[in-house]
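Single-letter residue listing:
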Amino acid sequence: MSKPQLLIDTDPGVDDALAILMAHAHADIAALSVAAGNVGLGHTVRNARTLRDLLGATFPVFPGCATPLVRAPDEDAALVHGTDGLGDVGFPEPEAAAESEAAALALLRLTRERPGELTLVALAPLTNLALALKLDPALPQRVKRLVVMGGAVTGHGNTGNVPAEFNVGFDPEAAHVVFEAFPAFDLVDWEATLRHGFDDAEFDGWIAAGDQRAKFFEQVFRTAREYNATHDRNGVVAADALAMAVAIDPAIVVRSELRAVAVELDGRLTRGATVVDWAKRLGRPAQARIVLEVDQARFAAMVRKALGAA
């Protein structure tokens, strides 16, 4: 079988890093389009380039939106990922430069050049995708699949705005645009990632058995691991890696629900919340396949291979 062809929108970020290692190990990466999110755009673009160097890869890196579409964000995730987004390890300046083409334009061009071939994997706030959709509403017709890491489908979020998940909460207007535009997509939410963490000791064994990719990830993951240990996040939680597993191998999903999903834009306490029509009361088309459970053993095998520990 041919490898999946992935177009990855990302804001690296420690868990983005693991997801990109997985993509390189199991699929072909057409490009990385990069947004601000976990940290500012200067850091996320540099981190994407650092990952490209680590992998010895040549995929292009396209800088995108430095701010949300409408409102300034309430918070970033530097406390989790480090001020530079990769654990403040201090990696050297990456070798190859980023492209000059803007991410939204690159998303449109690549899907026009390869209609129906590319799975779009959205690991970041959805700003770049929303901008691309406003420029060309036909984008969903050219994408093979869309997989989104975002949302908290029963309101157990991970931001200061209690019901909201970080990616959707960072730019709710962008998430609204994307959720309204795509007639079908896979949604891997924050709550699913908490259910699919890895045992610390088991993960440490993979790191010890791995190659230079494992050593890299061990370095960048320290800050996030310390944060998780003091914030009731048991084990190794890797949100973007779970979404990447679903993008690479759709059959890994063993339980899901198809529902209409929207984003709250105005609530004083609920802005950025993912609203799911669980009871099918609203008569809206159900566009989101909400991933509830994956084959954990297959997920683990994919991560081990990405770390060189298979």
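Above this text sits the structure in question.
Read on for a plain summary of the structure. (Residues numbered from 1 in each chain as written. Predicted model: local features only at pLDDT ≥ 70, side-chain atom pairs only at ≥ 80, totals over all residues. Heavy atoms only, no water.)

### Quick notes on the overall build of the protein
Applicable threshold: The numbering of helices and of strands both runs from the N terminus, where a helix is a DSSP run of H or I of at least 4 residues and a strand a run of E of at least 2. For the radius of gyration, the atoms used are the C-alpha atoms, and the globule rule reads 2.2 Å times the number of residues raised to 0.38. A 1.4 Å probe rolled over the protein chains alone gives each residue an accessible area, and that area as a share of the maximum for its type sets the label: buried under 20%, exposed over 50%, partly exposed in between. Each accessible area is a Shrake-Rupley result for a 1.4 Å probe, and residues are judged covered by the shown protein chains and nothing else. Note that His is not counted, nor are the chain ends; the positive residues are Lys and Arg, and the negative ones are Asp and Glu. The location of each charge is read from NZ of Lys, CZ of Arg, CG of Asp or CD of Glu.
Scanning the protein for helices and strands turns up 13 helices and 10 strands. Its C-alpha radius of gyration of 18 Å places the protein within 12% of the 19 Å reference for a compact globule of 310 residues. Here the C-alpha coordinates of the protein stretch approximately 50 × 40 × 40 Å along the principal axes. Taken across its 310 residues, the protein has 58% of its residues classed as buried. Total accessible area on the protein stands at roughly 12,600 Å², and carbon and sulfur atoms take up 52% of it. Side-chain charges of the protein comprise 29 positive and 41 negative groups, with the mean position of each set lying 5 Å from the other.

### As for a nonpolar patch on the surface
Test applied: Surface patches are drawn from residues lacking salt bridges whose relative accessible area is over 30%; two like charges belong together within 9 Å, two nonpolar side chains (Val, Leu, Ile, Met, Phe, Trp, Tyr) within 5 Å. Any Lys or Arg side-chain nitrogen located within 4 Å of an Asp or Glu carboxyl oxygen qualifies as a salt bridge.
Taken together, the side chains of Leu-69, Val-70, Leu-105, Leu-131 and Leu-135 present a nonpolar region at the surface, about 440 Å² in accessible area. Of note, Leu-135 is situated in helix α5 (residues 127-135). Given a relative accessible area of 51%, Leu-135 falls into the exposed group.

### Comments concerning the pairing of strand β5 (residues 145-149)
The condition is simple: In this description, strands pair whenever DSSP reports at least two bridges between them.
Where burial is concerned, most of β5 is hidden: 5 out of the 5 residues are buried. What you see with β5 is no split at all: Arg-145, Val-147 and Met-149 on one side and Leu-146 and Val-148 on the other are buried throughout. One ladder, built from 4 bridges, connects strand β4 (residues 119-122) with β5; its direction is parallel. If you follow Leu-120 over to β5, its bridge partner there is Leu-146. Relative to strand β6 (residues 185-188), β5 is paired through 3 bridges, and the arrangement is parallel. Bridge assignment links Met-149 to a residue of β6, and that residue is Val-188.

### Re the environment of Glu-95
Relative to the helices and strands, Glu-95 resides in the loop between α3 (78-81) and α4 (103-113). It is 7.0 Å that separates the C-alpha atoms of Glu-95 and Asp-53, two residues lying 42 residues apart in sequence.

### A look at the side chain of His-196
For clarity, the cut-off: Two residues qualify as a contact provided that any one of their heavy atoms is within 4.5 Å of a heavy atom in the partner residue.
Considering the arrangement of structural elements, one finds His-196 in the loop between α9 (190-195) and α10 (200-209). A residue is classified by how much of its surface remains accessible, and His-196, at 6% relative accessible area, is buried. Leave out the neighbours within four places in its chain, and His-196 touches Leu-242, Leu-292, Glu-293, Val-294, Gln-296 and Phe-299.

### Some thoughts on the side chain of Thr-44
Along the chain, Thr-44 turns up in helix α2 (residues 41-55). We classify Thr-44 as buried; its relative accessible area is 0%. Ignoring any residue separated from it by four or fewer positions in sequence, one finds Thr-44 in contact with Asp-11, Pro-12, Val-34, Ala-35, Ala-36 and Val-39.

### Observations concerning the pairing of strand β1 (residues 5-10)
To keep it simple, the criterion reads: When the strands point away from the viewer, a crossover counts as right-handed if the route from the first strand across the helix to the second turns clockwise.
Taken across its 6 residues, β1 has 5 buried, putting it largely inside the fold. Regarding topology, helix α1 (residues 14-26) serves as the crossover connection from β1 to the parallel strand β2 (residues 28-34), and that connection is right-handed. Where β1 and β4 come together, 4 bridges link them in parallel fashion. Bridge pairing in β4 places Leu-6 opposite Thr-119.

### Some remarks on the environment of Val-237
Mapped onto the fold, Val-237 is located in the loop between α11 (212-229) and α12 (239-248). Taking relative accessible area as the criterion, Val-237 reaches 10% and is therefore assigned buried. Sequence separation between Val-237 and Pro-137 is 100 residues, and the spatial gap between their C-alpha atoms is 34 Å. In this view, Val-237 contacts Trp-190, Thr-193 and Leu-194; residues no more than four positions away in its chain are not counted.

### Some remarks on the packing of aromatic side chains
Heads up, the condition is: Ring geometry is summarised as follows: Phe, Tyr and Trp rings, the Trp one being its six-membered ring, pair when their centres sit within 6.5 Å, and such pairs are stacked at plane angles under 30 degrees, edge-to-face over 60 and tilted between the two.
Inspection of every chain in the model, using the stated rule, returns 10 aromatic pairs. Centre to centre, the rings of Phe-179 and Phe-185 are 5.0 Å apart; their planes meet at 25°, and the pair counts as stacked. Here Phe-185 falls in the buried class, since its relative accessible area comes to 3%. Between Phe-198 and Phe-203, the aromatic rings sit 6.4 Å apart at their centres with planes inclined by 20°, giving stacked as the arrangement. Residue class for Phe-198 comes out buried when judged on its relative accessible area of 4%. Ring pairing ties together the aromatic residues Phe-198, Phe-203, Trp-206, Phe-217, Phe-221 and Phe-299, which thus form one cluster.

### With respect to the nonpolar core
For clarity, the threshold we go by: As used here, the term nonpolar core means buried Ala, Val, Leu, Ile, Met, Phe, Trp, Tyr and Cys residues forming a set that is joined through side-chain atoms within 4.5 Å.
Formed by 68 residues in total, the largest nonpolar core has its most connected members in Met-22, Met-244, Phe-299 and Leu-307. In this structure, Ala-30, Leu-110, Leu-139 and Val-178 belong to the second largest nonpolar core, which totals 39 residues.

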